[in-house]
Amino acid sequence: MNVQTAYNAWADTYDTVANRTRDLEAVAIRQLLAEVPFSEVIELGCGTGKNTEWLAAKAAQVTAVDFSAEMLARAQAKLASANVRFQPADVTQPWRWAPPAVDLVTCSLMLEHIPDLSAVFQQCGRALRPSGLLYVGELHPFKQYLGSKARYLADGTEVTVECHTHHLSDYLAAALAHGLQCVELREFFDADDCRGVPRIISFLFQKKA
Ligand SMILES: C[S@@+](CC[C@H](N)C(=O)[O-])C[C@H]1O[C@@H](n2cnc3c(N)ncnc32)[C@H](O)[C@@H]1O
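Residues numbered from 1 in each chain as written. Predicted model: local features only at pLDDT ≥ 70, side-chain atom pairs only at ≥ 80, totals over all residues. Heavy atoms only, no water.

### Quick look at the UniProt feature "domain: Methyltransferase type" (unreviewed entry) in the protein chain
The sites that carry the UniProt feature "domain: Methyltransferase type" (unreviewed entry) are, in the present numbering, residues 43-136. The span residues 43-136 is 30% helical and 31% strand by assignment, and the distance between its end C-alpha atoms comes to 10 Å. (UniProt positions renumbered as here; feature names shortened; annotations may be inferred. Helix = DSSP H or I, 4+ residues; strand = E, 2+ residues; numbered from the N terminus.)

Next comes the structure, spelled out in structure tokens:
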């Protein structure tokens, strides 16, 4: 199903139905950014705000962006922080709404819905200040190779959201092409069991100084 339509329909149950990918990515972003100071943040594909409140508690200002009006409405209803600005926008289009020279851009579980990584990495590279960071947390491509996709139940019927597989080399190449170097890569496993297939891949990229 078309991504925007799918998330508008999923918004009602996104937070309440068990979802290991959603929950493990929340662990990943908190671990990778635990020791990182940041003030001005752009959160891409903020959804219902799973990570927005945590980012807002550490930052001076968060611009939380999503193109699903229903997902954004859930995030807005949860978060009354004065330092969060919710921005309806398609992140593959020019970021006219972006504040200049931000410290951090985050992107959680959104890039699997974007066909061309370059369109987003290019704008991340422009939005970040020199030495600024891009965090990416995604369903691991190994899981995608085995058939995992974003999906939910609507009236008992499984709905699969339009997804694209990005290989590890695709992330690294898109970043390098836009002046971003990988400074950290971590994999997260269900129940911390490293013998299985990792569920989440997370990266920190840094813009050249
Ligand atoms: C799986 S949800 C992740 C939400 C949140 N980041 C989280 O980790 O729970 C993906 C989100 O990305 C948004 N999204 C997907 N493609 C987008 C695009 N091109 N522009 C803006 N938002 C997009 C969807 O509307 C949805 O809210």
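### Observations regarding helix α2 (residues 20-32)
Under the 1.5 Å per step criterion, the end-to-end length of α2 is 18 Å for 13 residues, consistent within 8% with the ideal 18 Å. Residues of α2 that are buried include every one of Thr-21, Arg-22, Leu-24, Glu-25, Ala-26, Ala-28, Ile-29 and Leu-32, and no others. Turning to α2, the residues buried within the fold contact α1 (3-14), α3 (52-58), β4 (102-108), β5 (128-139), β8 (180-188) and β9 (200-207). The N-cap of α2, judged by a side-chain oxygen 3.1 Å from the amide nitrogen of Thr-21 a few residues on, is Asn-19. (Expected span 1.5 Å × (residues − 1). Buried < 20%, exposed > 50% of the residue type's maximum accessible area, 1.4 Å probe, protein only. Contact = heavy atoms within 4.5 Å. Polar contact = N/O pair within 3.5 Å; in protein donor to acceptor, adjacent residues only side chain to side chain.)

### Concerning helix α5 (residues 117-127)
Turning to α5, its buried residues number three or more, namely Leu-117, Val-120, Phe-121, Gln-123, Cys-124, Gly-125 and Ala-127. Those residues of α5 that are buried lie in contact with β1 (40-44), β4, β5, α7 (168-177), β8 and β9. With a side-chain oxygen positioned 3.1 Å from the backbone nitrogen of Ser-118, the residue opening α5 is Asp-116.

### Points about the side chain of Gln-87
Mapped onto the fold, Gln-87 is located in strand β3 (residues 84-88). A relative accessible area of 15% places Gln-87 in the buried class. Within the structure, Gln-87 has its side chain in polar contact with the side chain of Arg-85 (distance 2.7 Å). Here Gln-87 is in contact with Thr-63, Ala-64, Val-65, Asp-66, Leu-72 and Trp-97, once residues within four sequence places are set aside.

### Structural notes on unusual backbone geometry
One non-glycine residue with positive phi stands out, namely Asp-155, at about 50°. Along the polypeptide, Asp-155 turns up in the loop between β6 (151-154) and β7 (157-160). At Ala-191, a residue that is not glycine, the phi angle is positive and equals roughly 50°.

### Let's talk about the environment of Ser-131
For Ser-131, the position within the fold is in strand β5. What makes Ser-131 partly exposed here is its relative accessible area of 27%. Note: C-alpha distance between Ser-131 and Leu-204 (73 residues apart in sequence) is 12 Å. Ser-131 has contacts with Gln-206, Lys-207, Lys-208 and Ala-209, leaving out every residue within four places of it along the chain.

### Considering the site of the ligand
In the neighbourhood of the ligand, 19 residues make up the surrounding shell, with Tyr-14, Gly-45, Lys-50, Asp-66 and Asp-90 lying closest. Here Asp-66 contributes a side-chain N or O atom positioned 2.6 Å from an oxygen atom of the ligand. Interatomic distance of 3.0 Å between a backbone N/O atom of Val-91 and a nitrogen atom of the ligand. Protein contact buries 98% of the 600 Å² of open area that the ligand shows by itself. Here the element with the most residues in the shell around the ligand is α1; it accounts for three residues. When its residues are assigned to classes, the shell around the ligand shows 11 nonpolar, four polar and four charged. (Near = heavy atom within 4 Å. Areas by Shrake-Rupley, 256 points an atom, 1.4 Å probe, with all protein chains shown as cover. Nonpolar A, V, L, I, M, F, W, Y, C, P; charged D, E, K, R; others polar.)

### Quick notes on the packing of α5 against α7
The angle between the axes and the distance between the axes are what describe a pair of packed helices. Relative to each other, α5 and α7 sit at 40°, their axes nearing to 9 Å. By the angle class used here, α5 and α7 are oblique. By crossing handedness, the relation of α5 to α7 is classed as right-handed. Here α5 contributes Leu-117, Ser-118 and Phe-121 to the contact with α7, which in turn contributes Asp-170, Tyr-171, Ala-174 and Ala-175. Of the residues belonging to the contact of α5 with α7, the class tally is five nonpolar, one polar and one charged. (Axes fitted to C-alpha atoms, helices over the stretch in contact; angles between N-to-C directions. Parallel < 35°, antiparallel > 145°, perpendicular 65-115°, else oblique. Left-handed = near helix turned anticlockwise from the far one by under 90°.)

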